[in-house]
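Here are the chains, one letter per residue:
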Amino acid sequence: MTTLVIDIGGTKLAAALADSASNLTGRREIPTPASRTPQALQAALATLVAPLVSQAQRVAVASTGIIKQGVLTALNPDNLGGLSHFPLVDVLSRLTNLPCMAVNDAQAAAWAEYHALSADTTDMVFLTVSTGVGGGMVTGGKLLTGTEGLAGHFGHTLADPHGPRCGCGRTGCVEAMASGRGIARAANGDLAGCTAKQIFAHAAAGHPQAEELIQRSARVLARLIADIKVATDCQCVVLGGSVGLADGYLARVKAWLEEEPEICRVPLFRAKHQHDAGLLGAALLAQNRML
Ligand code: ADP
Ligand code: BMX
Ligand code: ZN
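What you see is a predicted model; the values in this text were computed from it and never measured. (Residues numbered from 1 in each chain as written. Chains lettered and ligands numbered in written order. Predicted model: local features only at pLDDT ≥ 70, side-chain atom pairs only at ≥ 80, totals over all residues. Heavy atoms only, no water.)

Asks: I'm lost on the layout of surface pockets in this one. Help?
Replies: Space left empty within the atom packing is revealed by a probe, the size of a water molecule, rolled over the atoms. Within this model, the largest pocket holds a volume of roughly 1100 Å³. For the largest pocket, the lining is made up of 48 residues, of which Thr11, Lys12, Ser130, Thr131 and Ser242 are closest to its centre. When grouped by side-chain class, the residues that make up the lining of the largest pocket number 17 nonpolar, 23 polar and eight charged. Its boundaries defined by the atoms lining it, the second largest pocket holds a volume of some 190 Å³. What lines the second largest pocket is a set of 14 residues, and nearest its centre among them are Ile67, Lys68, Gln69, Ala102 and Arg289. Among the elements of the structure, β5 (66-68) and β7 (100-104) are those that each provide at least two residues to the lining of the second largest pocket. Residue contributions to the lining of the second largest pocket peak at three residues, all from β7. For the lining of the second largest pocket, the residue count by class is three nonpolar, eight polar and three charged. (1 Å grid on protein atoms, 1.4 Å probe; cavity = no way out; pocket = protein on both sides within 12 Å on 5 of 7 lines; lining within 4 Å. Points joined across faces, edges and corners; volume = space filled by probe spheres on them. Nonpolar A, V, L, I, M, F, W, Y, C, P; charged D, E, K, R; others polar. Helix = DSSP H or I, 4+ residues; strand = E, 2+ residues; numbered from the N terminus.)

What follows is the structure, given as structure tokens:
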């Protein structure tokens, strides 16, 4: 059985074919459409899957946003505006003529990274620092999705009551400060208008403001991880997403975590599947749920 796996993020869309052993082939990526309308997303998905669909027997999607009964709703519309109640599973079933399932991107990635850990790990949390900050939680060997699909949305917990307003409607969310978007939004002077990727390049070249912006993100993330440890008593936290995987980011987060009391610290790992964690998680969940 070959699964067409798709990862929908706030910056990029990825797709690949997964065989029954979850090996990925034919991986391709296109930017998330700038207009972020349902029509634009549907057209982009059609372009993305066109070269792969004839080889697949089913479709599994990992997508940013809250996924409930196959429908995508943006928790932070700034990341994927105009997409309240986008019928993701219906749209893809019609596009491909194949059975389809969908899950939140970070929840899917958590499931893939959980399977990459040693067999004695039963409780872990995955965090993606990307366009937003997403999360997924495995407790007692089970992936938590919650009653409304909201479980693990740690990016919308409080980092600073005096912090910036978040697109979700709260003030001072972790996501508003630590995400790729949050890093870019806080830049000023000669860094105004830079993407997070460009800010990382400036920091590597010794730019003090760029370094400060990344440290601010890493510090917020470390505090979130300490909160997660006290709330869940997980055995480890795994970090992914393009910011989370960027050179030197994990080391900075680890250094800030050392500032927390020992009871709040937890082993922190880089995502083993790197940028493929969402795709692989979708493939694994399809095997579990659609057999
Ligand atoms: P998505 O959110 O669509 O899953 P990514 O995980 O690639 O996509 O996250 C996008 C964010 O990561 C953007 O803010 C982008 O500027 C930033 N980014 C992309 N590549 C890098 C990199 N090499 N180093 C640091 N930041 C990066
Ligand atoms: C946001 C939220 C989460 C998602 C996370 C990471 C939306 C559209 N998304 O907190 O559901 O898991 O971003 O998403 O509200 P990414 O686009 O950065 O991968
Ligand atoms: Zn928020």
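Asks: Can you walk me through the packing of aromatic side chains in this structure?
Replies: By convention here, two paired aromatic rings are described through the distance between centres and the angle between planes. One pass over the full model with this rule turns up two aromatic pairs. For the ring pair phenylalanine 200 and tyrosine 249, a centre distance of 6.2 Å and an interplane angle of 55° mean the geometry is tilted. Residue phenylalanine 200 is located in helix α6 (residues 196-204), and its partner tyrosine 249 is located in helix α9 (residues 249-257); the two are separated by 49 residues in the primary sequence. An identical accessibility class is assigned to phenylalanine 200 and tyrosine 249; each is buried. (Phe/Tyr/Trp six-rings, centres within 6.5 Å; stacked < 30°, edge-to-face > 60°. Buried < 20%, exposed > 50% of the residue type's maximum accessible area, 1.4 Å probe, protein only.)

Asks: Hey, could you run me through the pairing of strand β9 (residues 133-139) in this one?
Replies: The side chains of a regular strand alternate, first on one face of the sheet and then on the other. Across the seven residues of β9, six count as buried, placing the element largely inside the fold. Pairing of strand β8 (residues 124-129) with β9, which is carried by six bridges, proceeds in the antiparallel orientation. Bridge pairing in β9 links methionine 124 to valine 138. The antiparallel pairing of β8 with β9 creates a hairpin that spans three residues between the two strands. As consecutive antiparallel partners, β9 and strand β10 (residues 142-144) are separated by two residues, and within that stretch glycine 140 has a phi angle of approximately 60°, a positive value. (Pairing = 2+ DSSP bridges.)

Asks: How should I be thinking about helix α7 (residues 208-232) in this particular structure?
Replies: An α-helical turn contains 3.6 residues, so a residue and the one three or four places further along point in the same direction. The end-to-end C-alpha distance of α7 is 36 Å, a good match for the 36 Å that 25 residues give at a rise of 1.5 Å each. Immediately downstream of α7, the backbone of aspartate 233 shows phi near 50°, a positive value. (Expected span 1.5 Å × (residues − 1).)

Asks: Looking at this structure, I do not really get the UniProt feature "binding site: Zn(2+)" (unreviewed entry) in the protein chain. What am I missing?
Replies: Summarizing the sequence annotation, UniProt attributes the feature "binding site: Zn(2+)" (unreviewed entry) to His156, Cys166, Cys168 and Cys173 in the numbering used throughout. Annotated residues spanning 18 residues; largest pairwise C-alpha distance 8.7 Å, indicating a single compact cluster. Within this annotated set, the largest cavity is lined by Cys166. By the element assignment, histidine 156 lies in the loop between β10 and α4 (174-178). You can call histidine 156 buried: its relative accessible area is 10%. Among all residues touching histidine 156, those that are not within four sequence positions of it are Leu75, Asn76, Cys166, Cys168, Arg170, Cys173 and Glu175. Accessibility expressed as a relative area gives 0% for cysteine 173, which makes it buried. Aside from chain neighbours lying at most four places away, what touches cysteine 173 is Gly155, His156, Thr157, Ala159, Pro164, Cys166 and Cys168. (UniProt positions renumbered as here; feature names shortened; annotations may be inferred. Contact = heavy atoms within 4.5 Å.)

Asks: Help me out: how do you make sense of the coordination of the zinc ion (ligand 3) in this one?
Replies: For a metal bound by four donors in tetrahedral geometry, the ideal donor-metal-donor angle is 109.5 degrees, whereas six donors in octahedral geometry ideally sit at 90 or 180 degrees. Around the zinc ion (ligand 3), the protein contributes the donor atoms His156 (ND1), Cys166 (SG), Cys168 (SG) and Cys173 (SG), at 2.1 to 2.4 Å from the metal centre. Angles of 103 to 121° at the metal separate the four donor atoms of the zinc ion (ligand 3), which places the site in the tetrahedral class. Linear spacing of the donor residues for the zinc ion (ligand 3) on their chain is H-x9-C-x1-C-x4-C. Since its relative accessible area comes to 6%, cysteine 166 is described here as buried. (Donors = N, O, S within 2.8 Å, 3.2 Å for Na, K, Ca; no water. Tetrahedral: all angles 85-135°; square planar, octahedral: opposite > 155°, others 65-115°.)

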